[in-house]
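Structural description and commentary
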Amino acid sequence: LVGACIVHFVACGWWGLGRGYEKKSWAESCGARELDYSQQYLISVYWVLTTMSTVGYGDITPKNDDERAYSILAMVIGCTL
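The rules behind each value
- Residues numbered from 1 in each chain as written.
- Predicted model: local features only at pLDDT ≥ 70, side-chain atom pairs only at ≥ 80, totals over all residues.
- Heavy atoms only, no water.
- 1 Å grid on protein atoms, 1.4 Å probe; cavity = no way out; pocket = protein on both sides within 12 Å on 5 of 7 lines; lining within 4 Å.
- Points joined across faces, edges and corners; volume = space filled by probe spheres on them.
- Helix = DSSP H or I, 4+ residues; strand = E, 2+ residues; numbered from the N terminus.
- Nonpolar A, V, L, I, M, F, W, Y, C, P; charged D, E, K, R; others polar.
- Expected span 1.5 Å × (residues − 1).
- Buried < 20%, exposed > 50% of the residue type's maximum accessible area, 1.4 Å probe, protein only.
- Contact = heavy atoms within 4.5 Å.
- Patch = residues over 30% accessible without salt bridge, like charges linked within 9 Å, V, L, I, M, F, W, Y side chains within 5 Å.
- Areas by Shrake-Rupley, 256 points an atom, 1.4 Å probe, with all protein chains shown as cover.
- Salt bridge = Lys/Arg side-chain N within 4 Å of Asp/Glu carboxyl O.
- Core = buried A, V, L, I, M, F, W, Y, C linked by side-chain atoms within 4.5 Å.
- Axes fitted to C-alpha atoms, helices over the stretch in contact; angles between N-to-C directions.
- Parallel < 35°, antiparallel > 145°, perpendicular 65-115°, else oblique.
- Phe/Tyr/Trp six-rings, centres within 6.5 Å; stacked < 30°, edge-to-face > 60°.

Here the focus is the layout of surface pockets. Considering only enclosed or pocket space, the largest pocket measures out at about 170 Å³ in volume. The set of elements that each furnish at least two residues to the lining of the largest pocket consists of α3 (37–52) and α4 (65–80). Broken down by element, the residue count for the lining of the largest pocket peaks at four residues, all from α3. Of the residues assigned to the lining of the largest pocket, the class counts are six nonpolar, seven polar and one charged.

Below is the structure:
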């Protein structure tokens, strides 16, 4: 249950970063801004799980320094779980 809560909060933070930039963000590059909230959340959770498990398929990638720093934090959290 704790892991699910961590995934949820990291996913919400990832989506917040993508929304915060008008251009050059992960959300803009993969077209997630035009989707409904459930699809946006699903994409964010997918990113968190692939990043925290260190699989990292590479289909959703950080596009600016803030997103890169957040990705590093997510990887560190994933390694400690």
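So that's the structure; there's more coming.
Once that is clear, we can look at α3. The first and last C-alpha atoms of α3 sit 22 Å apart over 16 residues, in line with the 22 Å expected at 1.5 Å per residue. Among all positions in α3, only Gln40, Ile43, Ser44, Val45, Trp47, Val48, Thr50, Thr51 and Met52 are buried. Summarising the contacts, the buried residues of α3 are in contact with α1 (2–20), α2 (26–29) and α4. At the exit of α3 stands Thr54, carrying a positive phi of roughly 65°.

This part covers a nonpolar patch on the surface. A contiguous nonpolar surface patch, about 320 Å² in accessible area, is contributed by Tyr46, Val55 and Tyr57. Assessed through its relative accessible area of 43%, Val55 is described here as partly exposed.

With that settled, consider the nonpolar core. Formed by 17 residues in total, the largest nonpolar core has its most connected members in Trp14, Trp26, Trp47 and Val48. No other element matches the six residues that α1 contributes to this core. Here Trp47 is in contact with Val10, Trp14, Ile60, Tyr70, Ser71 and Ala74, once residues within four sequence places are set aside.

Geometrically, a packed helix pair is captured by the angle between its two axes and the distance between the axes. Direction vectors running N to C along α1 and α4 enclose 170°, while the axes themselves pass 10 Å from each other. The angle between the axes of α1 and α4 places the two elements in the roughly antiparallel class. Note on element contacts: α4 touches α1 through Asp66, Glu67, Tyr70, Ser71, Ala74 and Ile77, opposite Ile6, Phe9, Val10, Gly13, Trp14, Leu17 and Gly18. Here the contact of α1 with α4 is built from residues that sort into eight nonpolar, three polar and two charged.

Take the packing of aromatic side chains next. Within the structure shown, the criterion is met by six aromatic pairs. Each ring, one from Trp15 and one from Trp26, has its centre 5.4 Å from the other, and the planes form 75°; the classification is edge-to-face. Note that Trp15 is positioned in helix α1 and Trp26 in helix α2, a separation of eleven residues in sequence. Taken together through their ring pairs, the aromatic side chains of Trp14, Trp15, Trp26, Trp47 and Tyr70 make up a single cluster.

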